[in-house]
Amino acid sequence: MRRYVLTGAPGAGKTTLADALRRRGWDVVAEAATEVIAAQQERGVAEPWQEEGFIDAVAGLQRERREAPSAYGSVQVHDRSPLCTLALARYLGRPPGRVLTEELRRVLRDGVYQRQVFLVEPLGFVTPSAARRIGYAESLAFARVHEEVYRAHGHRLIAVPPAPVRARVALVEAHLRHLADLPSERAEGVPDPDYLT
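Conventions and cut-offs
- Residues numbered from 1 in each chain as written.
- Predicted model: local features only at pLDDT ≥ 70, side-chain atom pairs only at ≥ 80, totals over all residues.
- Heavy atoms only, no water.
- Helix = DSSP H or I, 4+ residues; strand = E, 2+ residues; numbered from the N terminus.
- Buried < 20%, exposed > 50% of the residue type's maximum accessible area, 1.4 Å probe, protein only.
- Contact = heavy atoms within 4.5 Å.
- Polar contact = N/O pair within 3.5 Å; in protein donor to acceptor, adjacent residues only side chain to side chain.
- Pairing = 2+ DSSP bridges.
- Axes fitted to C-alpha atoms, helices over the stretch in contact; angles between N-to-C directions.
- Phe/Tyr/Trp six-rings, centres within 6.5 Å; stacked < 30°, edge-to-face > 60°.
- Lys, Arg positive; Asp, Glu negative; His and termini not counted.
- Salt bridge = Lys/Arg side-chain N within 4 Å of Asp/Glu carboxyl O.

J.: Outline unusual backbone geometry, listing residues and values.
T.: Despite not being glycine, arginine 80 has its phi angle at roughly 85°, a positive value. Position of arginine 80 among the secondary structure elements: in the loop between β3 (75-79) and α4 (82-92). Classification of arginine 80 by relative accessible area gives buried; the value is 11%.

J.: Can you lay out the environment of aspartate 79 for me, pointing to particular residues and giving the numbers?
T.: Its place among the elements puts aspartate 79 in strand β3. For aspartate 79, a relative accessible area of 3% corresponds to the buried category. Along the primary structure aspartate 79 and alanine 32 are separated by 47 residues, whereas in three dimensions their C-alpha atoms are 8.2 Å apart. If we skip the residues at most four places from it in the chain, aspartate 79 touches Leu6, Lys14, Thr15, Ala18, Val29, Ala30 and Glu31. Within the structure, the side chain of aspartate 79 is placed 2.6 Å from the side chain of lysine 14, a separation counted as a polar contact.

J.: Tell me about the sheet that holds strand β1 (residues 2-8), and name the residues and values.
T.: Taken in spatial order, the 5 strands line up as β2-β3-β1-β4-β5 in an open sheet, and their pairing is parallel. Two strands bound the open sheet, and with one partner strand each, they are β2 (27-29) and β5 (156-160). Going across the sheet, the axis of each strand differs from the next one's by a mean of 30°, ignoring polarity. The pairing of β2 with β3 spans 3 bridges and is classified as parallel. Paired with valine 28 across the strands is valine 77, a residue of β3. Sheet strands touched by helix α1 (residues 14-23): β1, β2, β3, β4 (116-120) and β5. Its angle to β1, the strand with the most contacts, is close to 150°.

J.: An account of the packing of aromatic side chains is requested, with residue identities and associated values reported.
T.: Enumeration over the complete set of coordinates arrives at 1 aromatic pair. Ring geometry for tyrosine 91 against phenylalanine 142: centres 4.5 Å apart, planes inclined by 25°, an arrangement best described as stacked. Here tyrosine 91 is found in helix α4, whereas its partner phenylalanine 142 is found in helix α6 (residues 136-152), with 51 residues between them in sequence. A residue is classified by how much of its surface remains accessible, and phenylalanine 142, at 9% relative accessible area, is buried.

J.: Before we move on, can you summarise the environment of arginine 2 with the specific residues and values?
T.: Summarising the element assignment, arginine 2 is placed in strand β1. Residue class for arginine 2 comes out partly exposed when judged on its relative accessible area of 35%. A C-alpha to C-alpha distance of 6.5 Å links arginine 2 and glutamine 114, two positions 112 residues apart in sequence. Arginine 2 has contacts with Ser74, Val75, Gln76, Gln114, Leu179, Ala180 and Asp181, leaving out every residue within four places of it along the chain. Side-chain polar atoms of arginine 2 contact the backbone oxygen of leucine 179, separated by 2.8 Å.

J.: Describe the side chain of arginine 168, listing the residues and the values that go with them.
T.: If you trace the backbone, arginine 168 turns up in helix α7 (residues 165-179). Notably, arginine 168 is buried but unbridged: the nearest opposite-charge side chain belongs to glutamate 121, and the N-O separation is 6.5 Å. Within the local environment of arginine 168, its side chain forms a polar contact with the backbone oxygen of alanine 12, the two atoms lying 2.7 Å apart. Setting aside residues up to four positions removed in sequence, arginine 168 forms contacts with Ala12, Gly13, Leu17, Val120, Glu121, Leu123, Val160, Pro161, Pro162 and Ala163.

As structure tokens, then:
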């Protein structure tokens, strides 16, 4: 399995891009942090990212999703990876916990993720949400931490500049086909015909 990561600033349109790729037939693994935040907020925790154990909960869910069986082909696109979780820990000023430390050791040792990582660049604004309580300047600082972490661990960042979703999808698909040596009309999934109209 070749696993490619989407990373970048909060609010850069990464999840929108991931959803569009999924509709195009790619095997996309959803972001873990948003789900962990939503689950804890449902239990009454207003700011789960301030809680001890949050970082490890995210890393644990990432591992669970990565290890889940896939009925797709040979390529997966991951909306973030444990290196993003390390960037989150650093941004929050927290040491990585046991689960994250073990995950990082495993994925780096085994080369679980491809060295080429898609850096989804900021759109020029951030839309707040229950899970995203961050301003634009903060999101840019957070993005820089992600870039530093990936580069420090030997990854090559492929820029996905601000553009309409369709253009971003086309760019990422072209890179995926080239990197994974897939034919132009890949057999990784069936495109959503509504997306093509």
